[in-house]
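Observations on the model geometry
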Amino acid sequence: DKGDGGLAAHALVFPFPSQGHMIPLLDLAHHLSLQGVSVTVLVTPGNLPILRRLLSRAPAIKTLVLPFPPHPSLPAGVENSKDLTADQFLPLMHALSFLHEPFLRWARTTPSPPDFIVSDFFLGWTQRTAAELGVPRVAFCPSGALFLSVVHDLWREMPQRGDAAAGEDFPVEFPSLPGSPVFPWRHLSSLYRRCREGNPLCEFVREGFLQNISSWGYVFNTFMDLEAPYLDHLRAELGHRRVWAVGPLAPPGDGDRDGDSVLSAGAMAWLDACPAGTVVYVCFGSQAELNPAQTAALAAALERSGSRFVWCLRVTPAGSAVAYGGAPEGFEERTAGRGLVIRGWAPQVAILAHPAVGAFLTHCGWNSAMEGITAGVVLLTWPMSADQFATARLLVEAGVAVGACEGPDSVPDPDELARVIAESVGGRRSEAAESVRLRKKALQAVAEGGSSSDDLRDLVTAIFQ
Ligand code: AWU
């Protein structure tokens, strides 16, 4: 209770400026707004355009635009991770922490200050801001409960944890987690590994995760049937039950995401001409970078599989250190008719929902995992970094995924990958049945009376307390 016992319910929602983090938290903000919560979303100017679709559909949502704090390690004018390289992720997190004072100034002068804060788990410092304002703060985790359980263990026990010099295959055990999972060192959170190698921002990041652990609660874009053991583990570890699983999150109503309408129309028309379940959709999210050798192997596999495919190729952002692989010479001509290459922002949710799509070759970003499960397609996993290895493991254990490749440096064998691709859309894999089963569970969770729908209502009740 915030002490005033009032029924005011003004939630300040603060997403981390990275597509995979902003998209689900803005969906949650929309759901909170529909349940009567007054919502203000905090962004910096460069990220305001991302709210366009949300604000057109939920005009009651307000925005707080604060200038992006300059940082010596970031190019001026860049405010979103999609325009940064992986080693600029930590400085992005650090730069945003300088919004503490401007945020406090606003909250202390606005006529209707927030009485609740929901902020991304990369913004753990907002715990201190909330404490100074005397309001509860809930941490939003855009990934799963398994991953967060591993992260809590790592950051809390950092001094005794795996030694960076131990080598890539050094097994790191998590005996306190359900199933006592063991992860090779290379599979642990890239933030953690980078800090263990002595990154100067290490203490800042660790402090942020420890602040999350002391937050008033956690809200996840996941669902009970997928992660019950890890959600219960977190409730026991945190010593309270304010751990809400409200996923799979999607925009209320039509479930499509912002995207280029021309690309979308083209992709839908192309898919309409394909028989049901025969297309494999390939996309590695908004951050992952395939190098030329990986792109060539993937292209060879798609070509040799003989299968239909939609391949979303990420174009190299200006200034990126890595020259992303482009489709090989003549590839599109040789696969014309059964393959569609999309350069730019693909309408992923619409593509996955199309009946022609039967499989999804994914890097296992959490949102892609949720969207793939909701679509009920076979998942071919190629985890690259961050939480993606934990997510790939969860999906294989759930029976809906097949390991297609692994790691940011590995290059798949084109013939082996071609075989896996052909099988995944040939209706010959047992994972297809499991995918349909888990899809039903996901849809039940978010339906009225489902576990995620109940948790959302419980979170709203907590906000109104
Ligand atoms: P997703 O989580 O799938 O991938 P990233 O963008 O890599 O997000 C964290 O954020 C993940 O857990 C991390 O592993 C890291 C990151 N999309 C689209 O609509 N069109 C495109 O062309 C490409 C992407 C959408 C997609 C999804 C999101 C990507 C939370 O992966 O539908 O919603 O962008 O998020």
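Residues numbered from 1 in each chain as written. Predicted model: local features only at pLDDT ≥ 70, side-chain atom pairs only at ≥ 80, totals over all residues. Heavy atoms only, no water.

Under the UniProt heading Sequence similarities (unreviewed entry), the note attached to the chain is "Belongs to the UDP-glycosyltransferase family." (UniProt positions renumbered as here; feature names shortened; annotations may be inferred.)

Brief notes about the sheet that holds strand β3 (residues 62–65)
Spatially, β3-β2-β1-β4-β5-β8-β9 is the arrangement adopted by the 7 strands of the open sheet, whose pairing is parallel. Both outer strands of the open sheet, β3 and β9 (243–245), are each paired with one neighbouring strand and no more. The mean inter-strand angle of the sheet, taken between neighbouring strand axes irrespective of direction, is 25 degrees. Relative to β9, strand β8 (residues 217–220) is paired through 3 bridges, and the arrangement is parallel. Within β9, the residue paired with Val-219 across the bridge is Trp-244. Contacts from helix α4 (residues 100–109) reach β1 (10–14), β2 (38–43), β3 and β4 (116–120), with the element oriented near 165 degrees to β1. (Pairing = 2+ DSSP bridges. Helix = DSSP H or I, 4+ residues; strand = E, 2+ residues; numbered from the N terminus. Axes fitted to C-alpha atoms, helices over the stretch in contact; angles between N-to-C directions. Contact = heavy atoms within 4.5 Å.)

Regarding the packing of aromatic side chains
Scanning the entire structure with this criterion turns up 20 aromatic pairs. Where Trp-311 meets Phe-331, the ring centres are 5.6 Å apart and the plane angle is 90 degrees; that geometry is what we call edge-to-face. Highlighted residues: Trp-311 in strand β11 (residues 308–313) and Phe-331 in helix α12 (residues 331–334), separated in sequence by 20 residues. Note on accessibility: Trp-311 and Phe-331 belong to one class, buried. Three or more aromatic residues joined by ring pairs make a cluster, and in this case those are Phe-16, Phe-89, Phe-121, Phe-122, Trp-155, Trp-185, Tyr-192 and Phe-209. Arg-393 extends its terminal NZ or CZ atom over the ring of Phe-183, reaching a point 4.0 Å from the ring centre. (Phe/Tyr/Trp six-rings, centres within 6.5 Å; stacked < 30°, edge-to-face > 60°. Buried < 20%, exposed > 50% of the residue type's maximum accessible area, 1.4 Å probe, protein only. Lys NZ or Arg CZ within 6 Å of the ring centre and 35° of its normal.)

Quick look at the pairing of β11
Taken across its 6 residues, β11 has 5 buried, putting it largely inside the fold. In terms of handedness, the path from strand β10 (residues 279–283) via helix α11 (residues 292–305) over to β11 forms a crossover that is right-handed. Both β11 and strand β12 (residues 339–343) contribute to a ladder of 5 bridges, which runs parallel. Paired with Cys-312 across the two strands is Ile-342, which belongs to β12. (Right-handed = clockwise from strand over helix to strand, strands pointing away.)

Remarks on helix α3 (residues 89–96)
Burial runs high along α3: 8 of the 8 residues are buried. Listing the buried residues of α3 in full gives Phe-89, Leu-90, Pro-91, Leu-92, Met-93, His-94, Ala-95 and Leu-96.

Things to note about the side chain of Thr-129
Mapped onto the fold, Thr-129 is located in helix α5 (residues 126–133). If we ignore the near neighbours within four places in the chain, the residues touching Thr-129 are His-100, Phe-103 and Leu-104.

Quick look at the nonpolar core
With 96 residues, the main nonpolar core has Trp-155, Tyr-281 and Ile-351 as its most contacted residues. Among the elements that make up this core, the one with the highest residue count is helix α6 (residues 145–156) (8 residues). Every residue in contact with Ile-351, bar those within four places of it in the chain, is listed here: Ala-267, Met-268, Leu-271, Tyr-281, Val-310, Ile-342, Ala-346 and Val-357. One finds Leu-25, Leu-32, Leu-51 and Val-138 within the second-largest nonpolar core, a separate group that totals 30 residues. (Core = buried A, V, L, I, M, F, W, Y, C linked by side-chain atoms within 4.5 Å.)

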